[in-house]
Amino acid sequence: MSADAIFQPLQLGPLTVKHRVLRSSLGGRWDNYDGSGTSTRIDWDSKFARGGVAAIISSNAPVHQRGMLVANYASIDTDERIPFWREVVRRVHEHDCRYIMQLVHAGRERILPGLQASPTGLSATDSPEPLNGFQAERMNVEQIREVIAQFVAAARRAREAGVDGVELAGAQGMLFTQFLSSAINDRKDEYGGSVENRARFAVETVRAIRAEVGPDFCLGFKISIRDHMNELLPWMRSGNTLEESVQICKWLEEAGLDYLHVSVGGGFPHPRNPAGEYPTANVVATYDTLISSGSRTFRNYLMFRTWPLNKGFRWWWERPGRKHGIEGINLPEARAVKQAVGIPVLVTGGFQTASVIAGAIERGDCDAVTIARPLIANPELVNMFAQGLDRAPRPCTYCNKCLFTFLEHPLGCYDERRYESREQMIREVLSVYAGAPLPSEVVGATQL
Amino acid sequence: MNDGAQAAIFEPLRFRNLTVKNRLFRSSISGRFDNYDGSGTQTRIDWDVKFARGGIGTIISSNSPLHPRGLIVPNYAHLDDDDKIAFWREIGRRVHEHDCAYIAQIAFSGRQRDVGGIQYEKGLSSTAKPEPIHGLQCERMTVQQIQEVVDAFAQAARRVREAELDGVEIHGCNGYLITQFLSPAINDRTDDYGGALENRARFALEIVRAVRAAIGDDFHLQFKISAVDDNDALFPWAGKGTTLEESIQVCKWLEEAGVDGFHISAGNSFPHPRNPAGGWPIEDVIRSYDTMLSSGTRTLRNYVLFRTPPVNRIFKWRWEKVARDRIEGINLPLARAVKQAVSVPVICAGGFQTASVIGGAIADGSVDGVSMGRPLIANPDLANMFAQGLDRAPKPCTYCNKCLINFIENPLGCYEESRYSSHDEMVRQILSVFQGAPLPAEVT
């Protein structure tokens, strides 16, 4: 195999990244409950920079407290947060790695919204999120303008913090998806109905940010090209078609984007994202904590605990991955977008094999890939590619235990089969805290 | 407030090896402010300093696990390794700046692990029977394991001294591991550590002797004990557990073994209707208890009960009935009885927040000092208010227990909205604990 296609620089508008593998947005609840950042977040991100990725896309950073998915993620909702992100960037840059901040407003998709939040999330609709029953309030035009202004302010802060670019979290059921998706958006005004109307919120946000940050700052958009809502809940409509999404991508490009980041799924998690196993025991152990977040969660929890319902759900959940394969599951969508737009296309979805990645780039399916779970398993994956390995000796198994553990415990690889022992796994997972500052080093930091 | 009460409260208290400036102790309260691996954070320091600034004479730390298997809930600073000493030394330094003493509470949860964490599947206990309320699983300790835990207590105590703190409190109450040995309602052993009172007390006495040997004779050591189990508080068909007479005997033995002071609590579980005595906030319970569903075998049953009217209302009535007549000073009769039997100072926990009540209890010889948890969460400056002559805070703690119920999922703080001008003000106040988080530029 040849990994040559991987190790070519790529231009994302004004930003050059050294090669074609980026770390996707993944987080862990490392930060303080109020959205202030910690050195654990910095150490976590630095680990991947050291492992050789060309750029890191940050954990989702809420642009407003009402837009939080889960508490304990560093936010970008006030100017006070700027010094934290500046330090993250400084540390990541030490490894010749670029840093792109992902800006998010979760809308109604609030998994553990925290105590600051009002009881409802903002959304295109007032129907609750269908899987968990997270409550929503339909935004009026005034609120839409306010949220756009929040994104603009967040982008300005990101730029002031010295990040290399921002990416809007428009995939996986976040607020942008809630407007874009025909399966969710039920508005009758100029922000709902036709594709053009449904795209208006995203397009206006991109234009407004571009006007704020100027032409020389990288701006990307992560989009679910297909919602596949009915793969999650069979009684729902599927949502946006490929053709509709490709059209939306063209409009976003015109509005001033530097790259598109392709994903799928109108909610998170979704059977296609992250595609793979549905680890029943881990789900039962973790899902309990969000029962108080929605009106359908307790029903789900009982189902997840109850045989054979949980077996059936698991079979249903794992079906798309079984049918289409996991590594590169989104490449057909990326190809369709790439053929329609002139800006670079990034794609996510289970990548961890150099030849698969290189092949996708050479075929012109995409310009670069983003990786999440396989990097949790092997933070050094890109360095391994550079040394000529096609795959890590102990690859990610797509067991999804990382995903179904992080709400209650530290994010890390929880697939015991990948370790010599359970103790080794625990040590590895907890090693993220090894760099926590000793108090003697933080002395003088606070003057309260 | 009368001058006598004020004088009694602000009279220094002399233990054998430690003198503190007044009779007010911050009890062990905490919040999940630290890292999951047990390393400490700036937030913990700022949290404790708040109470030191408020005029409290002594802070007793959050429960500090002396081994990862002994944690109650993750995200509490540990004392399980020498690499933790620097953190505790810094807390001590910051608290001392306010002329406040700092006592570290060393703890081992045993089977009472509300959220056990990823390291160990089961807790250790005197028994193999699961904890009865949530169905938290455990394994019966072998004599070898008992010796290991005794030694771990001694090591943790040595670290407290090396961190230049002012004393050690052994967490021997509220249903945690030491209670699991002391209590006849829990301990079902047939070896040297079970059966007769002398046997049930053996584990606690061995810990005290080992700790004393590790810290030397000139370092403060106090013991927190549930003077009564009240094991039948919720379930009338259950046995009573340890009686006051038995506890007094245990305290006498502990004093002989080298304890310099006692801290009196009650109840052989946590929470318990007597501790913290007060409200059962149904809505908050429903919102927070979900996190514990994966912790035990009886949690789902409880959760359904907590959600279901009228069963949840009956439970609330039953829970609150135990302390309906008296919350503030609920444990004073117990403390008085212990104080009459021992010669070292006795402090007492249980709803204290009125200067005249506290001063009166000290003046009439019931106790030498009091410890406070919830009232200080509500009013961290309470001691300063007493010093200024107030008998009570203008907005006292309502004993609603929302702080207790919320801390598993949310930052510890006062969640009684009626004490604030608005919900937003409450949230701001709760989140203010994070304001001192170090800027990264300063930590590198």
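From a predicted model like this one, the values you see are computed outputs, not experimental measurements.

What counts as what
Residues numbered from 1 in each chain as written. Chains lettered and ligands numbered in written order. Predicted model: local features only at pLDDT ≥ 70, side-chain atom pairs only at ≥ 80, totals over all residues. Helix = DSSP H or I, 4+ residues; strand = E, 2+ residues; numbered from the N terminus. Rg over C-alpha atoms; globule rule 2.2 N^0.38 Å. Buried ≥ 20, exposed ≤ 12 C-beta atoms within 10 Å, placed from the backbone. Contact = placed C-beta atoms within 7 Å. Expected span 1.5 Å × (residues − 1). Bend = angle between axes of the 7 residues up to and from the residue. Pairing = 2+ DSSP bridges. Right-handed = clockwise from strand over helix to strand, strands pointing away. pLDDT = per-residue confidence, 0-100.

1. Here's the deal with the overall build of chain B
- Looking only at helices and strands, one finds 18 helices and twelve strands in chain B.
- For 444 residues, the compact-globule estimate of 2.2 N^0.38 gives 22 Å, and the C-alpha radius of gyration of chain B, at 20 Å, lies within 12% of that figure.
- Going through the 444 residues of chain B one by one, you find that 60% of them count as buried.
- In chain B, 72% of the contacts between residues at least 6 apart in sequence involve partners at least 24 apart.

2. Considering unusual backbone geometry
- Cis geometry marks the peptide bond from Phe268 of chain A to Pro269 of chain A; its omega dihedral reads -10 degrees.
- Within the element layout of this structure, Pro269 of chain A appears in the loop between strand E11 (259-263) and helix H8 (280-287).
- Phe270 of chain B connects to Pro271 of chain B through a cis peptide bond whose omega is -10 degrees.
- As for its placement among the helices and strands, Pro271 of chain B is situated in the loop between strand E10 (261-265) and helix H9 (282-289).
- In this structure, Asp99 of chain B is a non-glycine residue whose phi angle is positive, near 55 degrees.

3. Describing helix H10 (residues 309-324) of chain A
Residues and elements named next belong to chain A.
- Over its 16 residues, H10 runs 24 Å from end to end, which matches the ideal 22 Å to within 8%, given 1.5 Å per residue.
- Along H10, the helix axis deviates most sharply at Glu318, where the bend reaches about 40 degrees; the proline Pro320 sits within four residues downstream.
- Listing the buried residues of H10 in full gives Trp317, Pro320 and Gly321.
- On its buried face, H10 sits against helix H6 (229-232).
- Within two residues after H10, Gly325 carries a phi angle of roughly 80 degrees, on the positive side.

4. Structural notes on the pairing of strand E5 (residues 101-107) of chain B
All names here are of chain B.
- Across the seven residues of E5, seven count as buried, placing the element largely inside the fold.
- The alternating pattern of E5 places Ala101, Ile103, Gln105 and Ala107 on one face and Tyr102, Ala104 and Ile106 on the opposite face, and all of these are buried.
- Here six bridges tie strand E4 (residues 58-65) to E5, and the two strands are oriented parallel to one another. Paired with Asn63 across the strands is Gln105, a residue of E5.
- At this point the chain moves from E4, through helix H3 (residues 85-96), to the parallel E5, and the crossover so formed is right-handed.

5. Observations concerning the confidence of the model for chain B
- Per-residue confidence for chain B gives a mean pLDDT of 96, with 98% of residues at or over 70.
- Across the interfaces of the predicted complex, the ipTM metric reaches 0.93, alongside a pTM of 0.95.

6. A look at the environment of Asp48 of chain B
Residues and elements named next belong to chain B.
- Relative to the elements of secondary structure, Asp48 occurs in helix H2 (residues 42-53).
- Separated by 43 residues in sequence, Asp48 and Ile91 place their C-alpha atoms 7.8 Å apart.
- Residues contacting Asp48, with those up to four places away along its chain left out, are Ile59, Ile91 and Val95.

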